[in-house]
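Structural description and commentary
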Amino acid sequence: MAAPLITLDVPYGTDSDPMHLLDIYEDAERTDDATRAAIILVHGGGWFRGNKSKEKVLASLLVEAGYLVFVPNYRLAPDNVFPAGREDVLAAAEWARASEHAFDRGRVAFFGGSAGGNLVVEAAIETGCPAVSWSGIFDLAGIIAATDATAAEPTTQDLDAMRSADINQTGRDDAFLRWVILQEVGGDRSALAGASTTARVTSKTGPVYLANSLAEFVPVSDAAGLQNALSSAGVASTLQLVPGTHHAEGYLPQALHGSLAFLADALR
């Protein structure tokens, strides 16, 4: 397949905030195809870093699979704490629905990894649309409570010198995970319960595909806890556990096939 047609830096907000921009990836031969489904692809970065430019590879693969793909930036912590990121992802989806781009408005899904994996499940709760979440972080309050004996510290790795997929390849690191979670609420522990996704699942939540490495720094118990909440609410889900320590798009080769199969079924 030819390289996708990419439109960069399209405003989706009503203000001039540079974070309220998105990129659009599509098949140049299908720009008028109103039958195709659309995906809102949300970048990771622990809610405090990253941008839409990180998603070129995955966005291109999704276009190859037949999707129109919108990749938004969103406001980052700690200057913009929860629910700012969630609000921006939902606003980007609403902009896409209201846009002139040709796609089936009844066939929209969300896809993201790490912090993006959290935000897409937030979107599934809000909209009822399907979501694919790789290494999402969900029970923020529970993780912090379970690791109170550990300091909250930023990683010593140079995050700007590596891909997110390569971060923390030596396994779980509670100190960094605690620091990331507390950034999302601006250090306000009283806000953790409201920002914890697992407790807000309802029967109207969209189906979810979850993936997580067995030995990465996001604990498997967190994804399992979300799946239990989805099951209790009568919501379909799949949990893929990947051997090793890779985080989110670090296990793209192992998780993409199952994720695409899930999307094809959920968006039929």
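Rules used throughout
- Residues numbered from 1 in each chain as written.
- Predicted model: local features only at pLDDT ≥ 70, side-chain atom pairs only at ≥ 80, totals over all residues.
- Heavy atoms only, no water.
- Helix = DSSP H or I, 4+ residues; strand = E, 2+ residues; numbered from the N terminus.
- Rg over C-alpha atoms; globule rule 2.2 N^0.38 Å.
- Buried < 20%, exposed > 50% of the residue type's maximum accessible area, 1.4 Å probe, protein only.
- Contact = heavy atoms within 4.5 Å.
- Areas by Shrake-Rupley, 256 points an atom, 1.4 Å probe, with all protein chains shown as cover.
- Lys, Arg positive; Asp, Glu negative; His and termini not counted.
- Charge placed at Lys NZ, Arg CZ, Asp CG, Glu CD.
- Pairing = 2+ DSSP bridges.
- Right-handed = clockwise from strand over helix to strand, strands pointing away.
- Axes fitted to C-alpha atoms, helices over the stretch in contact; angles between N-to-C directions.
- Phe/Tyr/Trp six-rings, centres within 6.5 Å; stacked < 30°, edge-to-face > 60°.
- Lys NZ or Arg CZ within 6 Å of the ring centre and 35° of its normal.

So, on to the overall build of the protein chain. Along its length, the protein chain carries eight helices and eight strands. For a compact globule of 268 residues, the expected C-alpha radius of gyration is about 18 Å, and the protein chain comes in at 17 Å, within 12% of that figure. Its C-alpha atoms give the protein chain principal-axis dimensions of roughly 55 × 40 × 30 Å. Within the protein chain, the proportion of its 268 residues that are buried is 54%. Sequence separation of 24 or more characterises 72% of the internal contacts of the protein chain that already satisfy a separation of 6 or more. Only carbon and sulfur atoms are counted for the fraction: they give 51% of the accessible area of the protein chain, which is about 11,000 Å². Of the side chains in the protein chain, 18 bear a positive and 33 a negative charge, and the two mean positions are spaced by 4 Å.

What follows is about the pairing of strand S8 (residues 237-242). With six bridges joining them, strand S7 (residues 208-213) and S8 adopt parallel strand pairing. Residue pairing for S8: Ala211 is matched across the bridge by Gln240. Crossover S7 to S8 through helix H7 (residues 220-232) is right-handed.

Right, let's talk about the sheet that holds strand S3 (residues 38-42) for a bit. The sheet built from eight strands is open, its strands ordered S1-S2-S4-S3-S5-S6-S7-S8 with mixed pairing. Each edge of the sheet is formed by a strand with only one pairing partner; in this case those strands are strand S1 (5-11) and S8. The mean angle between the axes of side-by-side strands here comes to 15°, regardless of whether they run parallel or antiparallel. Strand direction decides the pairing type here: strand S2 (residues 21-26) and strand S4 (residues 68-72), joined by four bridges, are antiparallel. Note that in S4 the partner of Tyr25 across the bridge is Val69. Against the sheet, helix H8 (residues 252-266) makes contact with S3, strand S5 (108-113), strand S6 (131-134), S7 and S8, and its axis sits at roughly 165° relative to S6, the strand it touches most.

Here the focus is the packing of aromatic side chains. In the structure shown here, the tally under the stated rule is eight aromatic pairs. Look at Phe176 and Trp179: their rings are 6.2 Å apart centre to centre, the planes differ by 20°, and that puts the pair in the stacked class. Placement of the pair is Phe176 and Trp179 together in helix H5 (residues 174-184), with a separation of three residues, close to one helical turn. In textbook terms, an aromatic cluster arises when at least three aromatic residues are bridged by ring pairs, as seen for Phe48, Phe176, Trp179 and Phe217. Positioned above the aromatic ring of Phe103 is the side chain of Arg105, whose terminal nitrogen or guanidinium carbon lies 3.9 Å from the ring centre.

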